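Below are the chains, spelled out letter by letter.
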Number of protein chains: 2
Amino acid sequence: MIKRQRIKELLKSTDFNTEVTVMGWVKTFRNNQFIALNDGSCMGNIQVVVDFNNTDENLLKRITTGAAIKATGILVESLGKGQSVEIKATAVEILGDSDPEKFPLQPKKHSLEFLREIAHLRFRTNTFNAVFKVRHALAFAIHQFYNERGFVYMHTPVITASDAEGAGEMFKVTTLDFDNTPRTEDGVVDFKEDFFGRATNLTVSGQLEGELAAMAFGHIYTFGPTFRAENSNTTRHLAEFWMIEPEVAFADLENNMELAEDMMKYVISYAKENCKEELEFLNNRLAEEEKQKPQNERSEFTLLEKLDFCLANDFQRLTYTEAIDILKASKPNQKKQFKYLIDSWGADLQSEHERYLVEKHFKRPVILTDYPKDIKSFYMRLNDDNKTVAAMDILFPGIGEMIGGSQREERMDVLKQRMDEMGVPQEELWWYLDTRRFGSAPHAGFGLGFERLVLFVTGMTNIRDVIAFPRFPKSAEF
Amino acid sequence: MIKRQRIKELLKSTDFNTEVTVMGWVKTFRNNQFIALNDGSCMGNIQVVVDFNNTDENLLKRITTGAAIKATGILVESLGKGQSVEIKATAVEILGDSDPEKFPLQPKKHSLEFLREIAHLRFRTNTFNAVFKVRHALAFAIHQFYNERGFVYMHTPVITASDAEGAGEMFKVTTLDFDNTPRTEDGVVDFKEDFFGRATNLTVSGQLEGELAAMAFGHIYTFGPTFRAENSNTTRHLAEFWMIEPEVAFADLENNMELAEDMMKYVISYAKENCKEELEFLNNRLAEEEKQKPQNERSEFTLLEKLDFCLANDFQRLTYTEAIDILKASKPNQKKQFKYLIDSWGADLQSEHERYLVEKHFKRPVILTDYPKDIKSFYMRLNDDNKTVAAMDILFPGIGEMIGGSQREERMDVLKQRMDEMGVPQEELWWYLDTRRFGSAPHAGFGLGFERLVLFVTGMTNIRDVIAFPRFPKSAEF
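Residues numbered from 1 in each chain as written. Chains lettered and ligands numbered in written order. Predicted model: local features only at pLDDT ≥ 70, side-chain atom pairs only at ≥ 80, totals over all residues. Heavy atoms only, no water.

Colleague: What am I meant to see in the sheet that holds strand S13 (residues 366-372) of chain B here?
Modeller: One key point about sheets: their strands pair by backbone hydrogen bonds, in either a parallel or an antiparallel sense. All names here are of chain B. Spatially, the eight strands line up as an open sheet ordered S6-S10-S11-S16-S15-S14-S13-S12, and their pairing is mixed. Two strands in the sheet have a free side with no partner beyond their single neighbour: strand S6 (152-154) and strand S12 (316-319). Taken over all neighbouring pairs, the strand axes of this sheet differ in orientation by 20 degrees on average, direction set aside. Across three bridges, S6 lies against strand S10 (residues 219-227) in parallel orientation. Across the sheet, the residue bridging to methionine 154 is threonine 222, located in S10. (Pairing = 2+ DSSP bridges. Helix = DSSP H or I, 4+ residues; strand = E, 2+ residues; numbered from the N terminus. Axes fitted to C-alpha atoms, helices over the stretch in contact; angles between N-to-C directions.)

Written as C-alpha cells, this is what we have:
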C-alpha cells in the first residue's frame, strides 16, 4: 500500500524532526536545490530541499516542472520566506517525467483562453485549483443545506420523452441509424424501433418530475445535469450545465423567496468559511484583472466585498410592474442608452435591464416577481389580476439571472386553460396533471444554475472556466 | 406565507395543548372522525380527530384517501393505540380533492408491478417513502464521506465525443434531422454539421476524465448519471443510472480496496443511524416477502442482519486465480449445476459464480482481484506476470458486482501497447495519454453503481424500484 502525507496537512504541521513522505508535482526547481512541490490538496506548495551534493546529477536533471516525484525527508521549520515548514529530503524518486520542452504549463501566467485549450491540464494551475475547490465546496454546501432541512434528494431522469416544458431547444437521444432509419409505411421515422420505443431527448429541467415527488415527500430537491441545444456562444451559456431544483409542497411564492435567499446566503457563507485561501487568491486575481480595465469599467467592490455584501443585505424584492416603472424613468432609458428601450408594460427584460436594476439602482441581489403571464411558462400560478403569474427571478450583480422559479398552478381548470393557450399537449403530461387530480395543493420551487453560482462566488468571468470540460457549439473535446 | 408544522416533528413533540397546523394527504378516514394524515416528512401518519358533529357534511365527504387537507387544532396526548400524539381539529380545509373512484392508491397492498405503472404516485406509499429516504441518505453519506476526506467532487461531462472506453453500447446525442441529414460528398453523414461538430454520445463512465482531475487534485470523485444502450431487461440493469467514481493519485490496488471498503461501511452505517424507521419497515417488508418463498429459497439473514454483517466483517479478498480454484472444486461445478461450468483459467465469471462465492462459500462481501488482462479494460495496470491486471470487483450478496475498479496503467509504453492490442485509438485519447506524458504516477479508482447500493441497503429486488423514473428498453415514461 502506498503511504504518503498530504501537503495541506504538512503545511499546518508543527511535528518537526519527524520523517515524512510526500508525492506530488514539481511546480518549480530552483538552484538545483529547492523544489516547490504541489499535490493538489491545497494551492500551497511545500518546499523540498534537495541535498544536491549527494544526489545523482541525472536525477537532478529530471526534476522538472510538471514531473511527479516522491520525496522522503525530515520536516523542519523553514528559515526561508513565505513558508513555515519545509522538508529536508533524504531521498527523491522520479515517479513520472515531464519534458520541459513539451509540458505546456510553464511557471508563468497563461491566458484563460490558452488554458481552455488544455482543460485536461489546467486543474494544475493555482487559478483552477481554487475554482474547483470552491465549486466542490458549493456543491457540498447545497447538499448539506437541503439535508439539514429534511429535503429528499431526487435524481430526475436525464433522458426524457417529454418535450413539453418548452424551455429551449433539445438534444435528441437515439440508437437509430442515420443510414438505415426505420420508417413507417408513410415514410415517417419509426421511433417505435428506437431504444425507448419513442422519440427521446435530453432533459432541460427536472422540475415537472420534481413536482411529482414534492407532492409525496413535501420537500425535495434535484441536483443534476440539464441541457440546451441552443447556438449560444456567450460567456454565460453552456449546452450542458448542472441545476439545483428544490420543490416544496404547501408553499407559496413568499416561502419560495425565503428558501432561495436562505440557500444563497448559506452556500456563500459556507464557501467563505471553508475556502478562505482559495477565495483570497481569487479575490486578488480579480483585482489584478480589474486593474487592466479603464477606471470607469472597474467594479466598485472586490470579490470578497461582493460576497459579504450579499450576506449582509436582504435581497431587494419588487414586482415586475415596479421594475418597469423604475426602468422607464431611468437615465439609460431616457437617454436611449439601452439597446432595448422600455416603453411599455409587458416587455421581456433584457440582460442590460436586469444589470441596471441590480448593479446601478439597488446595488444588491434583486428578486423580481409577478411577471406578465405571456412571457412565462404554463405551469406558473396565475395571479388574481389575470395578467401576471407568481413567478420570481433572482438577479445577481455581474451575473443577471441566477435563479428562476414560481409558485405552481395547482388549480386543474386554470392549468388546463394555460396549457391550451400555450399549446402544451395535455395527453403527454397525463402524469403531471394527475398531481392536480389527486390531492392537489399549493406548491412552489425554483431552479438555480450551478455554474452561474460558481461564476459569482469565484469572480470568474467566463462560464467555460467554472466547469471541468465545457460543452458548447462545435466543442465536445475531452 | 404558508405556515405549517411537519408531522415528523409533531410526532416527537410533547408540546401538548398548543395550536398546530398541518398539511398533508389523507391516508385513511375512519368513522367520519379519524384522519390518518401524512405529509411525506416521515412514513408515520398523525391522527387528526375531526369534531364530526360540528363539521359540514359535505366537507366530511371530501375527506377521502389521497385528498390534500389543511388541519388546525390542538396537539394532545393520544389515548388510542399506536400513536403518542394526535390533533384535536378545530378547522379542516380541503386543499385538493381526490376522487375515491379514480385514485389508484387505495389503502391496501399494491403489487410492485402495478406501482411501477404509476411511478408518479408510488412515492406516496410507505414502501417508496422508505426506499427514497434511504436513497437520499446514501447519496448524502457518499458526499459526506468524500468531503471529509478532502476529495474534490467533479462533474465530468455527460455528452462525450469519446467512445473509446468500450464499456458498452452508447446512445447517440444529436441535433441532426433524420429526414434531412447533412452528408459529405461521399454520402457519409456529416457530423461537422452536428451541434458539437462531431458525433457525440452519452457517457458510459466519467473515469477517464476523472483521472485527469485526480492527476491534479490528488483525490477526486464523481457522482453523476451514466448510460448503457444495452437491450437488458433484467432486474439489475438500467439504461440510465447513477455512478460514483472516486480516483486517487499516488494510490495502488491496496489503497483502492481500502477506500472502497471504508466507503461501503461508512454509507451503510450512515443509513442505519439516519433511517432507523425506514430500514425497520423495509426489514419487515422483506421478511413478509421471504415468507412467500419455499423454505429452501429463503435468505438466512434478515435485511438488518445482512447490513450488520457487512459492517462487522472484513470483506474477503482473494485473486481471480484463487477464485477459479474454489469454483472448479465447488459442488455446483462438480455436479454440473452451474449453467457455465468452470473448467479453465481465463473464463469470465458469471453471476452464478459470483453469487456462489459470496453467498455460499464466503458468506460476506468479496473483493476479487487480478483478473486475466483479456477480459478487462485497456487502462488497467498490467501485473508483473504479464497475464493479469490490477483489477478489483467487489461482489455483494444478492447483488453480485457492486463495484468495479483497478489500479490504472501509468506507464506510457505499456498503456500504448495495451491500447493497440485492444483496438483503442490513441489519437482520440491524446488528452488521456498526456497524463502519462507529463508527471505520470501510480493511481487507482473504482466505480460504484448507486442503484445497486440502494438495492442492497433497502432489500428491494428490482432495480426499477429504487430509481424514481427508471429508463429501460421501450420505456421512458414520465
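Colleague: Help me understand the relation of the copies chain B and chain A, please; the structure alone is not making it clear to me.
Modeller: When chain B is fitted to chain A, the best match, at an RMSD of 0.0 Å, comes from turning it 180 degrees and sliding it 0.0 Å along the axis. Classification of the inter-copy transformation places it as that of a two-fold axis. Minimal C-alpha distance to the rotation axis in chain B is attained by Val173(B), lying at 2.5 Å. Interface overlap between copies: 100% of the residues of chain B at the interface are likewise at the interface in chain A, consistent with a symmetric, same-surface contact. (Least-squares fit on C-alpha atoms with pLDDT ≥ 70 in both. Contact = heavy atoms within 4.5 Å.)

Colleague: Is there a simple way to think about empty space enclosed by the protein in this case?
Modeller: It is the rolling of a water-molecule-sized probe over the atoms that shows where space remains empty. Residues and elements named next belong to chain B. Tallying each qualifying case throughout the model produces five cavities of 30 Å³ or more. If you trace the largest cavity, you find 16 residues lining it, with Thr156, Thr222, Gly224, Pro225 and Thr226 closest to the centre. Listed by contribution, the elements that provide at least two residues to the lining of the largest cavity are S10 and strand S11 (240-249). With five residues, the single largest contributor to the lining of the largest cavity is S10. (1 Å grid on protein atoms, 1.4 Å probe; cavity = no way out; pocket = protein on both sides within 12 Å on 5 of 7 lines; lining within 4 Å. Points joined across faces, edges and corners; volume = space filled by probe spheres on them.)

Colleague: Sorry if this is basic, but what is going on with the sheet that holds strand S3 (residues 46-49) of chain B here?
Modeller: All names here are of chain B. The strand order S1-S2-S3-S5-S4 describes a closed barrel built from five strands, whose pairing is mixed. Within this sheet the neighbouring strands show an average axis-to-axis angle of 55 degrees, counted without direction. With seven bridges joining them, strand S1 (residues 19-30) and strand S4 (residues 68-77) adopt antiparallel strand pairing. Bridge assignment links glycine 24 to a residue of S4, and that residue is isoleucine 69.

Colleague: Sorry if this is basic, but what is going on with the packing of aromatic side chains here?
Modeller: Given two aromatic rings, one states the distance between the centres and the angle between the planes to describe the pair. Under the counting rule described, the total for this entry stands at 64 aromatic pairs over all chains. Judged by centre distance (5.0 Å) and plane angle (15 degrees), the rings of Tyr153(A) and Tyr221(A) are stacked. Taken as a pair, Tyr153(A) in strand S6 (residues 152-154) and Tyr221(A) in strand S10 (residues 219-227) lie far apart in primary sequence, 68 residues in all. Of the two residues examined, Tyr153(A) and Tyr221(A), each falls in the buried class. Arranged with centres 6.5 Å apart and planes meeting at 85 degrees, the rings of Trp431(B) and Tyr432(B) form a pair that is edge-to-face. The same class applies to Trp431(B) as to Tyr432(B), namely buried. By way of ring pairs, the aromatic residues Phe123(A), Phe128(A), Phe132(A), Phe469(A), Phe478(A), Phe217(B), Phe378(B), Tyr379(B), Trp430(B), Trp431(B) and Tyr432(B) are connected into one cluster. (Phe/Tyr/Trp six-rings, centres within 6.5 Å; stacked < 30°, edge-to-face > 60°. Buried < 20%, exposed > 50% of the residue type's maximum accessible area, 1.4 Å probe, protein only.)

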